[in-house]
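Given next are the chains, with one letter for each unit.
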Amino acid sequence: GHTCEQIDDLLFATIDDWKREREATAPRDTFTLADLATAYPTLKPPLIDGLARVGEVINVIANTKVGKSWFVYYLALCVITGRYLFGRFKTTRGKVCIVDNELHAETLASRLLFIASAMGIAREDVEQELIIKTLRGNLRSFGEVASELREQFEPGEFVLIVFDAKYRFAEQGQSENDNASEARFYNEADRFAAA
């Protein structure tokens, strides 16, 4: 048998081990400056130099029908080919995914090939590096699509994932005019981007 003191030592050692393991794997949100600087000694790599980093959420906001989708096609092709955005902002070259819930598949194909041609990009230079998920007529929430992408692709496989159009990724009952709904959406988007 064990003495009460020995049982206490065993019990507390087990709890301490559990706490250490939990602290090592659980997300943290409170640090000393020393711990924060040690845990995060460098910035994330830039996606678009001076504008956005890999793993960050970017929101393209403008009035309707002013070319937001056309801009993200151009951005996607700049990233895939490592071109400067607008000839000014260096991009990190990598694979891109566009999740579109508005356009028909043939419209997407036509637009993307049109933009590539206008940029002087050969189809074969981008066609395997751009993955398009078409959801028109089969809408799903952002959370559902994010889960599907996690199952289909390896973490970090894409340097950029575009969700177009945001309003159609809302869950039933959510509204872009509701602050709580928007906060939930962006919290979910941040978690997805960080994974």
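So, here is what we can say about the structure in this document. Small disclaimer: the values here were computed from a predicted structure and weren't measured.

Moving on, we get to the packing of helix α6 (residues 142-152) against helix α7 (residues 179-194). Running from amino to carboxyl end, α6 crosses α7 at an angle of 10°, the nearest separation of the two axes being 10 Å. Taken together, the axes of α6 and α7 lie roughly parallel to each other. The residues of α7 that touch α6, namely those facing Phe142, Gly143, Ala146, Leu149 and Arg150, are Phe185, Glu188, Ala189 and Phe192. Considered class by class, the residues forming the contact of α6 with α7 number 6 nonpolar, 1 polar and 2 charged.

Tallied over the entire structure, the rule returns 5 salt bridges. For Lys133, the salt bridge goes to Glu148, with nearest N and O atoms at 3.2 Å. Within this pair, whereas Lys133 is found in strand β4 (residues 130-134), its partner Glu148 is found in helix α6, the two being separated by 15 residues in sequence. Between Arg140 and Glu148 there is a salt bridge whose closest N-O contact spans 2.5 Å.

This paragraph deals with the side chain of Ser69. Tracing the backbone shows Ser69 in helix α3 (residues 68-81). When residues no more than four places from it in sequence are discounted, the contact partners of Ser69 are Arg111 and Asp164.

Considered as a void within the structure, the largest pocket measures approximately 1,500 Å³ in volume. Surrounding the largest pocket, 50 residues form its lining, Ile58, Ile161, Val162, Phe163 and Asp164 being those nearest its centre. Of all the elements, α7 adds the most residues to the lining of the largest pocket, at 6 residues. Considering only residue class, the lining of the largest pocket consists of 32 nonpolar, 6 polar and 12 charged.

What counts and how
- Residues numbered from 1 in each chain as written.
- Predicted model: local features only at pLDDT ≥ 70, side-chain atom pairs only at ≥ 80, totals over all residues.
- Heavy atoms only, no water.
- Axes fitted to C-alpha atoms, helices over the stretch in contact; angles between N-to-C directions.
- Helix = DSSP H or I, 4+ residues; strand = E, 2+ residues; numbered from the N terminus.
- Parallel < 35°, antiparallel > 145°, perpendicular 65-115°, else oblique.
- Contact = heavy atoms within 4.5 Å.
- Nonpolar A, V, L, I, M, F, W, Y, C, P; charged D, E, K, R; others polar.
- Salt bridge = Lys/Arg side-chain N within 4 Å of Asp/Glu carboxyl O.
- 1 Å grid on protein atoms, 1.4 Å probe; cavity = no way out; pocket = protein on both sides within 12 Å on 5 of 7 lines; lining within 4 Å.
- Points joined across faces, edges and corners; volume = space filled by probe spheres on them.

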